[in-house]
Amino acid sequence: MSVLQIVPFGESILRKKAKPVETVTPKIAKLLDDMAETLHAAEGRAGLAAPQVGILRRVIVMDCGDGLIELINPEIVETSGEQEGAEACLSYPGYHGFVKRANYVKITTMNRQGETVELEGEGFLARCIQHEIDHLNGVLFVDHVQGSWLFADQTQDKIPLFEVVKLTNQGL
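Fair warning: this is a prediction, and the values are worked out from it, not measured in the lab.

A. Inspection of the overall build of the chain at higher detail. Counting its regular elements, the chain contains three helices and nine strands. Secondary structure of the chain in N-to-C order comes out as α-β-β-β-β-β-β-β-α-β-β-α. Taken over the C-alpha trace, the chain has a radius of gyration of 15 Å; the compact-globule value for 172 residues is 16 Å, and the two agree within 12%. C-alpha extents for the chain along the principal axes are approximately 45 × 35 × 30 Å. The buried share of the chain, reckoned over its 172 residues, is 45%. The long-range fraction of contacts in the chain, counting pairs at least 24 apart against all pairs at least 6 apart in sequence, stands at 64%.

B. Examining the sheet that holds strand β3 (residues 68-80) more closely. The antiparallel open sheet is built from five strands, whose spatial order is β1-β2-β3-β6-β7. Since the sheet does not close on itself, it has two edges, and those belong to β1 (47-49) and β7 (116-122), each with one partner. On average, each strand axis in the sheet is tilted by 40° relative to the strand beside it, whichever way the strands run. Strand direction decides the pairing type here: β3 and strand β6 (residues 104-110), joined by six bridges, are antiparallel. Paired with T79 across the strands is V105, a residue of β6. Across the sheet, helix α1 (residues 26-41) lies against β1, β2 (59-63) and β3, angled at about 35° from β2, the strand it touches most. Along the sheet face, helix α2 (residues 124-136) touches β1, β2, β3, β6 and β7 and points at about 155° away from the line of β2.

C. Spatial organisation of the state of the cysteines. Counting across every chain of the model gives zero disulfides. C64 forms no disulfide, and the closest cysteine sulfur to it belongs to C128, at a distance of 3.6 Å. We classify C64 as partly exposed; its relative accessible area is 22%.

D. Inspection of the environment of F98 at higher detail. With respect to the helices and strands, the residue F98 is situated in strand β5 (residues 95-101). F98 sits in the partly exposed class, given a relative accessible area of 34%. The spacing of F98 and F151 is 53 residues in sequence and 9.2 Å in space, taken between C-alpha atoms. Discounting residues that sit within four places of it in the chain, F98 has contacts with E84, G85, A86, H144, V145, Q146 and F151.

E. Quick look at the pairing of β6. Buried residues dominate β6, accounting for six of its seven residues. Pairing of β6 with β7 involves seven bridges; the strand directions are antiparallel. When the sheet's bridge partners are listed, Y104 is paired in β7 with E122. Counting the residues between successive antiparallel strands, the hairpin from β6 to β7 contains five residues, one of them, G114, with a positive phi of roughly 85°.

F. Geometry of α1. Here α1 contains 16 residues, and its C-alpha end-to-end distance of 22 Å stays within 8% of the 22 Å for a straight helix at 1.5 Å per residue. Along α1, the positions that sit buried rather than exposed are I28, A29, L31, L32, D34, M35, A36, T38 and L39. Packing partners of the buried residues in α1 comprise β1, β2 and β3.

G. How the structure looks around the sheet that holds β5. The strand order across the open sheet formed by four strands is β4-β5-β8-β9, and the pairing between neighbours is antiparallel. Each edge of the open sheet carries a strand with a single partner, namely β4 (83-88) and β9 (158-160). When the angles between neighbouring strand axes are averaged without regard to direction, this sheet yields 35°. Packing against the sheet, α2 makes contact with β4 and β5, and its axis sits at approximately 55° to β4.

Thresholds, definitions, all that
Residues numbered from 1 in each chain as written. Predicted model: local features only at pLDDT ≥ 70, side-chain atom pairs only at ≥ 80, totals over all residues. Heavy atoms only, no water. Helix = DSSP H or I, 4+ residues; strand = E, 2+ residues; numbered from the N terminus. Rg over C-alpha atoms; globule rule 2.2 N^0.38 Å. Buried < 20%, exposed > 50% of the residue type's maximum accessible area, 1.4 Å probe, protein only. Contact = heavy atoms within 4.5 Å. Pairing = 2+ DSSP bridges. Axes fitted to C-alpha atoms, helices over the stretch in contact; angles between N-to-C directions. Disulfide = S-S within 2.5 Å. Expected span 1.5 Å × (residues − 1).

Rendered as structure tokens:
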């Protein structure tokens, strides 16, 4: 397994839609393993989508505190409720913003064995699922931030959101 380089904000690949995985091949299994290692090497984060490591495939790994979850071709089939809270991203290290998301989601996804399964999540897990699926569609958490600011994690200094969003749309 390898720790992969995480693509930083401003890179155009983060705005592209990822392609579906047709079959779970050894290459996809290695991608899942490498993404899990990369996620666990990044302290304090809960999810990683393949576009964040430069690969346009619909693959996600998450660990929201209850162990590793692998998602291949996930699709949201149901949502309900609402939550608002701080959200951050491995491609935006050191910053967070406040985002509204559904409080409950149900998805269908393929597992590593190529089987279609359902997964339900509430609260933080639901937030993480939505955030990572957005990555597969070229949508970033800054597109959902409430208000006009991102905040530095260490100092709580404000950065104008408009400047960040403008940077993430370069090259489109």
